[in-house]
Number of protein chains: 2
Amino acid sequence: MDMVRAEIISVGTELLLGQITDTNATHICQRLAEAGVAVFYRQTVGDNQARVQEAFRNAWQRADLVLFTGGLGPTEDDLTKESVAAELGVPMVEHQASMRHLEAYFARRNRTLTPNQRRQAMLPEGADPIPNALGSAPGVLWNRDGRIIAMVPGVPREMRGMVDEAILPALRARGWIADEVIRSRVVRTIGVGEGALEDQIKDLLKTSNPTIAPLVHQGEVHLRVTGRGKPGEVDRLLDAGERLLRDRLGDVVYGLDTTTLEGAIGVLLAASGKTVAVAESCTGGLIGHRLTRIAGSSAYFLGGVVAYANDVKSDMLGVPKETLAAHGAVSSETAEAMARGVRERLGADYGLSVTGIAGPGGGTDEKPVGLVYLSLANGGGVRIVRQDYGTEPGREGIKYNASQAALNLLRRALLERKPS
Amino acid sequence: MDMVRAEIISVGTELLLGQITDTNATHICQRLAEAGVAVFYRQTVGDNQARVQEAFRNAWQRADLVLFTGGLGPTEDDLTKESVAAELGVPMVEHQASMRHLEAYFARRNRTLTPNQRRQAMLPEGADPIPNALGSAPGVLWNRDGRIIAMVPGVPREMRGMVDEAILPALRARGWIADEVIRSRVVRTIGVGEGALEDQIKDLLKTSNPTIAPLVHQGEVHLRVTGRGKPGEVDRLLDAGERLLRDRLGDVVYGLDTTTLEGAIGVLLAASGKTVAVAESCTGGLIGHRLTRIAGSSAYFLGGVVAYANDVKSDMLGVPKETLAAHGAVSSETAEAMARGVRERLGADYGLSVTGIAGPGGGTDEKPVGLVYLSLANGGGVRIVRQDYGTEPGREGIKYNASQAALNLLRRALLERKPS
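Residues numbered from 1 in each chain as written. Chains lettered and ligands numbered in written order. Predicted model: local features only at pLDDT ≥ 70, side-chain atom pairs only at ≥ 80, totals over all residues.

1. Let's talk about the domain arrangement of chain A
Here is step 1: One can read the domain layout of chain A as domain 1 (5-173), domain 2 (181-256) and domain 3 (262-417).
Here is step 2: Summarising the inter-unit geometry, the C-alpha centres of domain 1 of chain A and domain 3 of chain A are found 51 Å apart. (Domains from an automatic or database assignment.)

2. What about the interface of chain B and chain A?
Here is step 1: With 53 residues of chain B in contact, the opposing surface of chain A contributes 52 residues.
Here is step 2: Those elements that place two or more of their residues in the side of chain B that touches chain A are helix 2 (23-34), strand 2 (38-45), helix 3 (49-60), helix 11 (286-291), strand 14 (301-307), helix 12 (310-317), helix 14 (332-346) and helix 15 (394-417) of chain B.
Here is step 3: As paired strands, strand 2 (residues 38-45) of chain A and strand 2 of chain B are joined by 5 bridges and run antiparallel to one another. The residue of strand 2 of chain B that forms the bridge with Val45(A) is Tyr41(B). (Contact = placed C-beta atoms within 7 Å. Helix = DSSP H or I, 4+ residues; strand = E, 2+ residues; numbered from the N terminus. Pairing = 2+ DSSP bridges.)

3. Brief notes about the sheet that holds strand 11 (residues 220-229) of chain B
Residue and element names in this part refer to chain B.
Here is step 1: The sheet built from 4 strands is open, its strands ordered 10-11-9-12 with antiparallel pairing. Since the sheet does not close on itself, it has two edges, and those belong to strand 10 (211-217) and strand 12 (253-256), each with one partner. The mean angle between the axes of side-by-side strands here comes to 30 degrees, regardless of whether they run parallel or antiparallel.
Here is step 2: In terms of strand pairing, strand 9 (residues 181-189) meets strand 11 through 9 bridges, oriented antiparallel. Of the residues in strand 11, the one forming a bridge with Ile182 is Arg228. (Axes fitted to C-alpha atoms, helices over the stretch in contact; angles between N-to-C directions.)

4. Some points on the environment of Lys274(B)
Residue and element names in this part refer to chain B.
Here is step 1: Mapped onto the secondary structure, Lys274 falls in the loop between helix 10 (261-272) and strand 13 (276-280).
Here is step 2: Its 16 C-beta neighbours within 10 Å are what place Lys274 among the partly exposed residues.
Here is step 3: As for Lys274 and Ala348, which are separated by 74 residues in sequence, their C-alpha atoms are 7.8 Å apart.
Here is step 4: With sequence-adjacent residues up to four places away left out, Lys274 is seen in contact with Leu269, Tyr300, Asp349 and Tyr350. (Buried ≥ 20, exposed ≤ 12 C-beta atoms within 10 Å, placed from the backbone.)

5. Here we look at the sheet that holds strand 14 (residues 301-307) of chain A
Here is step 1: Taking strand neighbours across the sheet as the criterion, the 10 strands line up as 17(A)-16(A)-15(A)-13(A)-14(A)-14(B)-13(B)-15(B)-16(B)-17(B) in an open arrangement whose pairing is mixed. Single-partner strands in this sheet number two, and they are strand 17 (381-388) of chain A together with strand 17 (381-388) of chain B. Neighbour-to-neighbour, the strand axes of the sheet open up by a mean angle of 15 degrees, direction not taken into account.
Here is step 2: Pairing geometry for strand 13 (residues 276-280) of chain A and strand 14 of chain A, over 5 bridges, is parallel. Pairing of Val276(A) across the sheet is with Phe301(A), part of strand 14 of chain A.
Here is step 3: Across the sheet, helix 15 of chain B touches strand 13, strand 15 (350-356), strand 16 (371-378) and strand 17 of chain B, and the angle it forms with strand 16 of chain B is around 25 degrees.

Below, the structure written as structure tokens:
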């Protein structure tokens, strides 16, 4: 058939008051786009029957699938089902199996099943319930006039389960999922700014299938490769797009999709059998925190010293007081002594250090806010990198950018170890 | 006049593909709610003239203010202005001052002003531009038939500036901002779980003006106090609501609105003139990172030791090897020795330590994943807290919860110092 047109209606006064952001609509749109189903309109209405009816009336004139999220719960404000039934002139009837599920759900929790709660087992006549494995309110799947009306709860995890386990299968069963699907893969890069990166791949940003689009994140740039084609073919398009980027960008690419920088480093460190210790000044512990996000990081991360005060740099890391006096805490000399010191005192293969000025105070003409020195020591010697982030990223941004640069310094060193 | 009805139309195909979440609509809804302007409908459409026209047609039948976000840029896909002009049968005309602004904007950047870029200075006849201080595309403010059509860019910071500096003032000038406004204040609590907290304030959750609603966040519970009234009165309602909560909950309340736990502790530490050092095992540096988020934290935060490996606990913190052998790294004895050790070695007034099992591996029957010991040492002695988070929060959640408990342990100690 022609492209199926879906319309999403989000129901909830809290959305219209701006108390929550509608991430449900985003998720549903993603899943439908992947399935090749077109979404041309979304609507958002409050918990008001006349307005839910009006939104449905508009949608039902132009869509093959109208998908509601929200308004299925037990309170009197929840009236999505009732509104649609009223608009179509269909009575609400009790669904036996849903009522038994509800009774069991409440019995297990030693809670009373009030009349309001019982409303959750009522359905428009002719509609089928979607079982709710995670909560009390069932969803609704309603085949009507050759089209579909679907309703899922507003609770994100309940909504997600029903979309994947009931709604997409129903579309597939009807042959409504397009032969062509849209899929994306994210190629994550680190160490090259957005402008310079785009210059390197200017021609690739103009391709049509797959398309490649830059997404700027804090401290790194991602490239989204999007392909459109038959399910069996689209992955090959993504492979090709990824290969083009890797050939062009080399080690600037550190991972795919949900891989984090600390995750990529964890894989490299675990494979190398080497250990690392960190000496952090301006990052305050952020690098250690990021490395220990990774399960199993105790195999390669020994620990570190957060050397915020100068005395801690000298007492705990052995930075000579003369170095601090002559060059200051934010200097290549101090960074180097911190990296060497933490490596030696903790007995690690790699010592990684950061010292800088995160601001907003503490900057001088000579050493402005945003100036950061990073250093990596191993048995062979030491590397030092100077970064100047300026004031624009703010304190939190400077800390994060410094942690990115430090982790990337370690990553590059680990990559060089590998036989090329 | 009666309550003004606003409708928001978000324009952008990327929204309907689920590539971005519509946080603009959330923000605009918040600002309008604060101003007492009702939003009954939101619509989202892609970059398609027929569908933008249809969305506008529906909105214009039922709203006093139709506010578009998105579709004002220089590409051919950007056609919000053209669609509305076409729907109303009004020609597009060049706006002289906007064109001069655009020419200057491009000249400053040494960029060529292409014909597409020039479209940004075109307006529906009769509409006024909203200057864009942060980008190239002006917004639109159009008084028509006693109502208002407004358009702002999709770029969030440009959108926010125009809403605050042009659209809300225009509503105020018309007397469209309600006598009654809705305002909220968030009372932030730590250390009592959602259920127990609600039990303590069950009666307060039923008040009607102000209303009080719990919001569960990771590791803490916030209480949103919302009042409705005249601008001069509503703050008194919020004050009263806050007072009720403080009287009931006492020191469980740590701050208001955007105050973070580390920020509240920073204020207490700075006032006390005391210093703190941290010894972190399972949190990996997170506590140091959080404390150093606060500008000026170098006045009270000396640093710390991330003691992930057992050797680091003994070598860098002086935890006796016998303690580690007899009780294990995750034990009250080790936590105490870590807190005492870091206090002494870094010369701090307070030594704060955490040791635990973040998982997913490493748990035993006796010491399961989620078990965490916290300790705080000062000149007078030492406190130890045991927490059992279970596996459910996951590695990241256990780390965060442990950092919350540690910071709260320090906060309680600082509060006790104050004359009551």
